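An overview of the molecular structure
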Amino acid sequence: MPDRDAPIAPTVDGFELPVTEVLTGRGAVFGKSGSGKSNTVTVILEELLERDLGCLVVDSDGEYFGLKESYEVVRAGDGDDCDVRVGPGDAEALARLALDESVPVVLDLSGYLDGDVVDALVEETLKHLFHLENERKQPFLVVLEEAHEYVPQSGRSDDLAETVIRVAKRGRKRGLGMLAVSQRPAAVDKDFITQCNWLVWHRLTWNNDVEVVRKHLDASYANRIESLDAGEAFVVGDWADGVHEVRFRRKETYDAGATPGFESTDPPELRPLPPGLLDGIGGDADPERSGAGTDPGSDTDAGTGTVTPETDDSGATTRTGGTRDADAGDTGRSGSRTTSERDDIVWEAGQLVTYLIRVGYRGSRTALRRLSATTARTTRRVGTATAAGLRSDDDRRVSTDPQVVVLLLLVALAIVVGVWLV
């Protein structure tokens, strides 16, 4: 095993990165799709994993599980291919697994449909890492894919954004570093970029992104960045003088982020995890809220997929873990409530309105995707309730709920069209 303190060499031309700066500093890798951005991040991670150095990847699109071909990496998320299905309540266990057990974690967010669950999971995980590092003081790297979704230049100011900024600003003294990854540097908070002590610039073509290069490097590099080949990049760091033009090597592990083609490319055999490693993790996954498609009146045993209906004292079916508190009318991650189709429709309609506000305010790709998923879910619930013919005194309002939802859908369409026209 290489010396853990020795510089890592992820390039083909001998350029090295100091391992301590990578693990504990603030870095960023920028580049448009196909420029080699994700390959560069994976190569850096391979170098760290070769030395058993700690890291956690917030993986928006499920690109990094290929590391499991060569390393014992935990893929946590909400898909059948994940090693364990997790929710926000598992955040502390994941943080302790990564820090105390030195087990690399890929937090695969690609399987979740509910954006609020994703935000809560990422926020809680970062908070626990931050607080644990106050005592551990252990060099550790968090990789944040699609960083513009969490620390955008404009359009988002919430608890998650504040947590990311706090970890980025104050984590270094605790040993907690952050590597932001994005296709659009112009869409990332400029204050975050200016505080980075190392940056990698791959090919960029949008005018606004090129202007960011011009601001942080100079006109000569901005003029050349559009013509960089895949894997080529400009690198700057506090430890090195000037700008270095380098070419990163190809990753050695499976390319899970490659664009699908017509040829058959089955994933290789992935390394198994030691027995018992994930004991006690995975109790907070909620299949209905994350899109696993199980019976909404059942509870799923995370990691096994076993559906176990639960009942309250009156014999009515209840839902636990990541459910909505019937008394508070709020989204919670614990407790139980009696299932009601009327309440479900109203709650989904409320979520739809929330996402409409996000779309109108941010106009982001993620908000649109979440809006689409929520709209589809709401429509299915309306159809189910209507077909069931719920007409009891307690549920009399179900007959009018579909009309309300249809009106909301029309408002959704108008707002989305308006956003894109503007």
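Note: the structure precedes this text.
Now for a look at the structure at hand. Just so it is clear, the model here is predicted, and its values are computed rather than measured.

About the cut-offs
Residues numbered from 1 in each chain as written. Predicted model: local features only at pLDDT ≥ 70, side-chain atom pairs only at ≥ 80, totals over all residues. Heavy atoms only, no water. Helix = DSSP H or I, 4+ residues; strand = E, 2+ residues; numbered from the N terminus. Buried < 20%, exposed > 50% of the residue type's maximum accessible area, 1.4 Å probe, protein only. Contact = heavy atoms within 4.5 Å. Areas by Shrake-Rupley, 256 points an atom, 1.4 Å probe, with all protein chains shown as cover. Core = buried A, V, L, I, M, F, W, Y, C linked by side-chain atoms within 4.5 Å. Axes fitted to C-alpha atoms, helices over the stretch in contact; angles between N-to-C directions. Parallel < 35°, antiparallel > 145°, perpendicular 65-115°, else oblique. Left-handed = near helix turned anticlockwise from the far one by under 90°. Expected span 1.5 Å × (residues − 1).

Looking now at the overall build of the protein chain. In terms of helices and strands, the protein chain carries 12 helices and 16 strands. The burial tally for the protein chain puts 51% of its 422 residues in the buried class. Taking as baseline every contact in the protein chain between residues at least 6 positions apart, the subset at least 24 positions apart corresponds to 68%. Surface summary for the protein chain: the accessible area is close to 19,200 Å², and the carbon and sulfur share equals 49%.

Take the nonpolar core next. Counting 58 residues, the largest nonpolar core has Val-86, Leu-109 and Trp-201 as the members making the most contacts within it. The element contributing the most residues to this core is helix H4 (residues 115-136), with 8 residues. Judged by nonpolar contacts, the second largest core, of 30 residues, contains Phe-15, Val-19, Val-22 and Val-181.

Looking now at the packing of H4 against helix H5 (residues 159-170). Their axes nearest at 9 Å, the elements H4 and H5 cross at an angle of 30°. Between H4 and H5, the interaxial angle falls into the category roughly parallel. In this structure, H4 crosses over H5, and the sense of that crossing is left-handed. Across from Asp-119, Val-122, Glu-123, Leu-126, Lys-127, Phe-130 and His-131 in H4, the residues of H5 making contact are Asp-159, Leu-160, Thr-163, Val-164, Arg-166, Val-167 and Arg-170.

Looking now at H5. In this model, H5 (12 residues) spans 16 Å end to end at C-alpha, consistent with the 16 Å of a helix rising 1.5 Å per residue. The secondary structure elements touched by the buried residues of H5 are strand E1 (26-30), H4, strand E6 (140-144), strand E7 (176-182) and helix H6 (190-194).

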